[in-house]
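Single-letter residue listing:
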Amino acid sequence: MGKRLFWFAVGVGLAAVVVLKGREYYERFTPKGVATQLEKTREGLVDRVGEFLATMGEAMDTREGELREALGLDE
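All values derive from a computational prediction rather than experimental measurement.

Regarding the overall build of the protein chain
For step 1, the next point in the chain: A tally of helices and strands in the protein chain yields two helices and zero strands.
For step 2, the next point in the chain: The C-alpha atoms of the protein chain give 28 Å as radius of gyration, which overshoots the globular expectation for 75 residues (11 Å, by more than 25%).
For step 3, the next point in the chain: Principal-axis analysis of the C-alpha atoms places the extent of the protein chain at approximately 95 × 35 × 10 Å.
For step 4, the next point in the chain: Taking all 75 residues of the protein chain together, 3% fall into the buried category.

Rendered as structure tokens:
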């Protein structure tokens, strides 16, 4: 009796996991889910490009200051 109850519980747990993951995958691959994923990706890309441009601008300003100082152009 104990083995049957154990395997029944395992089956119920496994079925619950399969149903929850299946629903997650279903929602992910519907048109609305795909649009949501694309929006998240776009937002992340915009943030990374913005950070890159800000870092590059700071580095350019720093290097320009170093070159001006080395060449004596700030006088």
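Brief notes about the environment of Pro31
For step 1, the next point in the chain: If you trace the backbone, Pro31 turns up in helix 2 (residues 31-71).
For step 2, the next point in the chain: With 39 residues separating them in the primary sequence, Pro31 and Ala70 have C-alpha atoms 58 Å apart.

A look at the side chain of Thr30
For step 1, the next point in the chain: Within the secondary structure layout, Thr30 lies in the loop between helix 1 (2-28) and helix 2.
For step 2, the next point in the chain: On the accessibility criterion, Thr30 (19% relative accessible area) is buried.
For step 3, the next point in the chain: A polar side-chain atom of Thr30 sits 3.0 Å from the main-chain carbonyl oxygen of Glu27.

Here we look at the packing of aromatic side chains
For step 1, the next point in the chain: As enumerated under the stated definition, the model contains one aromatic pair in all.
For step 2, the next point in the chain: Centroid distance Phe6 to Trp7: 5.0 Å. Interplanar angle 75 degrees. Geometry classified as edge-to-face.
For step 3, the next point in the chain: On the accessibility criterion, Trp7 (56% relative accessible area) is exposed.

Digging into the pattern of salt bridges
Pairing is possible between side chains that carry opposite charge, provided their charged atoms lie close to one another.
For step 1, the next point in the chain: Considering all chains together, one arrives at five salt bridges under this definition.
For step 2, the next point in the chain: Put simply, Glu39 and Arg42 hold a salt bridge, and the shortest N to O gap is 2.8 Å. Of the two residues, Glu39 and Arg42 are both situated in helix 2; the distance of three residues between them amounts to about one turn of the helix.
For step 3, the next point in the chain: Glu39 gets classed as partly exposed once you look at its relative accessible area, which sits at 34%.
For step 4, the next point in the chain: You can call Arg42 partly exposed: its relative accessible area is 45%.
For step 5, the next point in the chain: Salt-bridge contacts for Glu64 lead to Arg68; the nearest nitrogen and oxygen are separated by 3.4 Å.

The rules behind the values
Residues numbered from 1 in each chain as written. Predicted model: local features only at pLDDT ≥ 70, side-chain atom pairs only at ≥ 80, totals over all residues. Heavy atoms only, no water. Helix = DSSP H or I, 4+ residues; strand = E, 2+ residues; numbered from the N terminus. Rg over C-alpha atoms; globule rule 2.2 N^0.38 Å. Buried < 20%, exposed > 50% of the residue type's maximum accessible area, 1.4 Å probe, protein only. Polar contact = N/O pair within 3.5 Å; in protein donor to acceptor, adjacent residues only side chain to side chain. Phe/Tyr/Trp six-rings, centres within 6.5 Å; stacked < 30°, edge-to-face > 60°. Salt bridge = Lys/Arg side-chain N within 4 Å of Asp/Glu carboxyl O.

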